[in-house]
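The primary structure of each chain is shown beneath.
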Amino acid sequence: MSGSLSNRDIYGTIVRIGEETSRPLLEYLQALWRLGRAERTRQALPSDLFVALLAQATSAPVPSFDDTWRTSDLSVDGATPGFDVWERVILSQIADLRDFAEGPEQSFPELGVDAPRRQTDGARANARRWYNHSLPAYLECAMAGALGGWDAGDGIRKALPGSAVQIYPEPQSVVDLPSLSWQDFTEFLICGQEYE
């Protein structure tokens, strides 16, 4: 891939990435964090680099979990720059997934469960509620919620009959995405966790 990609192109590639790996979501996000850090000086990611990072995270080395991610203050405010927000969100999600892995087994997590955070944990940049616990679901929902590109003909995502209230305004058309800002990438992560 090279040059500008459409959200439809990216959606199809990301769905395949999720389907073709057995890497657990926790390990995937740890690898993605390390890959993203290497690009932190960029103001925006060309769309082909964005897709390449997502693909590379399926096989890239997984850094060790740092328990301070659980206890650090990872909150964000309006003054936090773009990459820093992205990093705090992904580290918050990694800490949550580690909490899930070490906590009690969840019944029907796909219906939405709160991360079992400890009282000693620091503030996190993400909400507690999780709907997507597998890599395929996380990536598909991240793309559909943040950037769109899906089609009912894919057979993956079904349009709801009647009126529906969407938490996130889902993009409805095919658009070219020459680059993605760190804010776009952050929204991608958030939708991966929360979008249904």
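Higher on the page you've got the structure.
Worth saying up front: this structure is predicted, and the values here are computed from it rather than measured.

Draft legend 1. How the structure looks around the pattern of salt bridges. The tally for this structure, following the rule as stated, stands at 13 salt bridges. Between Arg70 and Asp67 there is a salt bridge, and its shortest N-O distance comes to 3.2 Å. Within this structure, Asp67, Arg70, Asp96, Arg98, Asp99, Glu102, Arg117, Arg118, Asp121 and Arg124 form a network of salt bridges that share partners.

Draft legend 2. Structural detail: the nonpolar core. With 55 residues, the main nonpolar core has Leu32, Phe50, Phe185 and Phe188 as its most contacted residues. Counting residues per element, the ones that place at least two in this core are α1 (7-19), α2 (25-37), α3 (47-56), α5 (82-102), α6 (135-146) and α7 (182-194). No other element matches α5, which puts nine residues into this core. Excluding residues that lie within four positions of it along the chain, Leu32 makes contacts with Leu53, Leu54, Ala57, Trp86, Ile90, Phe185 and Leu189.

Draft legend 3. Quick peek at the side chain of Gln93. Within the fold, Gln93 resides in helix α5. The residues touching Gln93, leaving out its near neighbours within four places in the chain, are Leu29, Asn126, Trp130, Tyr138, Leu189, Ile190 and Gln193.

Draft legend 4. Fine view of the packing of α1 against α3. Between α1 and α3, whose axes approach to 10 Å, the crossing angle comes to 10°. As judged from the angle between their axes, α1 and α3 are roughly parallel. Contacts between α1 and α3 pair Ile10, Thr13, Ile14 and Ile17 from the former with Ser47, Phe50, Val51, Leu54 and Ala55 from the latter. For the contact of α1 with α3, the residue count by class is seven nonpolar, two polar and no charged.

Draft legend 5. Molecular detail of the packing of aromatic side chains. Summed over the entire model, instances satisfying the criterion amount to 11 aromatic pairs. Measuring from centroid to centroid gives 5.0 Å for Phe83 and Trp182, while their planes differ by 85°, and the two rings are edge-to-face. Linking Phe83 in helix α5 with Trp182 in helix α7, this pair joins segments that are 99 residues apart in sequence. Just as Phe83 is buried, Trp182 falls in that class too. Judged by centre distance (5.2 Å) and plane angle (55°), the rings of Trp86 and Trp182 are tilted.

Draft legend 6. Quick peek at the side chain of Asp96. Following the sequence through the fold, Asp96 ends up in helix α5. Taking the relative accessible area as the measure of exposure, Asp96 reaches 0% and is therefore buried. Engagement of the side chain of Asp96 in a polar contact is seen with the side chain of Asn126, the distance being 2.8 Å. Filtering out sequence-adjacent residues up to four positions away, Asp96 remains in contact with Ala115, Arg117, Arg124, Asn126, Ala127 and Trp130.

About the thresholds
Residues numbered from 1 in each chain as written. Predicted model: local features only at pLDDT ≥ 70, side-chain atom pairs only at ≥ 80, totals over all residues. Heavy atoms only, no water. Salt bridge = Lys/Arg side-chain N within 4 Å of Asp/Glu carboxyl O. Core = buried A, V, L, I, M, F, W, Y, C linked by side-chain atoms within 4.5 Å. Buried < 20%, exposed > 50% of the residue type's maximum accessible area, 1.4 Å probe, protein only. Helix = DSSP H or I, 4+ residues; strand = E, 2+ residues; numbered from the N terminus. Contact = heavy atoms within 4.5 Å. Axes fitted to C-alpha atoms, helices over the stretch in contact; angles between N-to-C directions. Parallel < 35°, antiparallel > 145°, perpendicular 65-115°, else oblique. Nonpolar A, V, L, I, M, F, W, Y, C, P; charged D, E, K, R; others polar. Phe/Tyr/Trp six-rings, centres within 6.5 Å; stacked < 30°, edge-to-face > 60°. Polar contact = N/O pair within 3.5 Å; in protein donor to acceptor, adjacent residues only side chain to side chain.

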